[in-house]
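Topology and contacts: notes
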Amino acid sequence: MAEVEDTALPGMIDDANKLLGLHAKTENDVHEALVDGQLLCNKMNQLYPEGKIKVNTSKMAFKKMENIGFFCSAVKSYGIREEYCFQTVDLYESKNMRQVLICLSNLYKMAKEKRQI
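Anyway, here's the lowdown on the structure attached to this text. (Residues numbered from 1 in each chain as written. Predicted model: local features only at pLDDT ≥ 70, side-chain atom pairs only at ≥ 80, totals over all residues. Heavy atoms only, no water.)

Points about the pattern of salt bridges
- All chains considered together, the criterion is met by six salt bridges.
- As a salt-bridge pair, Asp 14 and Lys 18 come within 3.1 Å of each other at their nearest N and O atoms. Of this pair, Asp 14 and Lys 18 both sit in helix α1 (residues 2-20), four residues apart, which is roughly one turn of that helix.
- Residue Asp 14 is classed as partly exposed on the basis of its relative accessible area, which comes to 33%.
- Ionic pairing is found between Arg 98 and Glu 27, a salt bridge with its closest N-O pair at 3.9 Å. Here Arg 98 is found in helix α6 (residues 97-113), whereas its partner Glu 27 is found in helix α2 (residues 27-34), with 71 residues between them in sequence.
- For Arg 98, a relative accessible area of 25% corresponds to the partly exposed category.
- Here Glu 27 falls in the partly exposed class, since its relative accessible area comes to 25%. (Salt bridge = Lys/Arg side-chain N within 4 Å of Asp/Glu carboxyl O. Helix = DSSP H or I, 4+ residues; strand = E, 2+ residues; numbered from the N terminus. Buried < 20%, exposed > 50% of the residue type's maximum accessible area, 1.4 Å probe, protein only.)

Here we look at the side chain of Lys 43
- Following the sequence through the fold, Lys 43 ends up in helix α3 (residues 38-47).
- Despite its burial, Lys 43 pairs with no opposite charge, the nearest such side chain being Asp 15 at 13 Å.
- Not counting chain neighbours up to four residues away, the residues in contact with Lys 43 comprise Leu 19 and Leu 20. (Lys, Arg positive; Asp, Glu negative; His and termini not counted. Contact = heavy atoms within 4.5 Å.)

Remarks on the environment of Glu 66
- Among the secondary structure elements, Glu 66 is positioned in helix α4 (residues 61-78).
- The partly exposed category is assigned to Glu 66, whose relative accessible area is 30%.
- For the pair Glu 66 and His 23, spaced 43 residues apart in sequence, the C-alpha separation works out to 25 Å.
- Polar side-chain contacts of Glu 66 include one of 2.8 Å to the side chain of Asn 56. (Polar contact = N/O pair within 3.5 Å; in protein donor to acceptor, adjacent residues only side chain to side chain.)

Thoughts on the packing of aromatic side chains
- Using the criterion set out here, one finds two aromatic pairs in the structure.
- Pairing Tyr 48 with Tyr 78 gives two aromatic rings, centres 6.0 Å apart and planes at 80°, and the pair type is edge-to-face. With Tyr 48 in the loop between α3 and α4 and Tyr 78 in helix α4, this residue pair connects regions lying 30 residues apart in the sequence.
- Here the basic side chain of Lys 114 rests over the ring of Tyr 78, its NZ or CZ set 3.8 Å away from the ring centre. (Phe/Tyr/Trp six-rings, centres within 6.5 Å; stacked < 30°, edge-to-face > 60°. Lys NZ or Arg CZ within 6 Å of the ring centre and 35° of its normal.)

In structure tokens, the structure reads:
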């Protein structure tokens with residue numbers, strides 16, 4: 001199982017790059033780019049305007065975590081299945097970046113299917 005996940009990782013990072021306009025090479029690069037949640041919220045506002053998310057620009061930790069939580073709720077409303085979603089702590093504290101990448105990869109594929117990318 002780990003071998004499958006290891007071989008899938010570059011593809012998931014590539015999907016995240018395409019979705020968000022990143023140039024990430026590693027899970028850590030993705031974490032650093034997304035930890036404040038602003039890019040995630042802005043992308044969801046683009047893909048799902050009816051679910052308009054307030055984007056916090058504050059540097060305070062709880063506001064960054066709030067952005068990530070808003071994104072997590074919005075992707076579910078957009079149609080991403082629960083098992084593909086992640087918890088705020090997975091991204092904010094880099095606890096489970098694979099789950100974050102699974103979510104972003106599925107979001108990229110769904111947006112592509114909907115012809116929004």
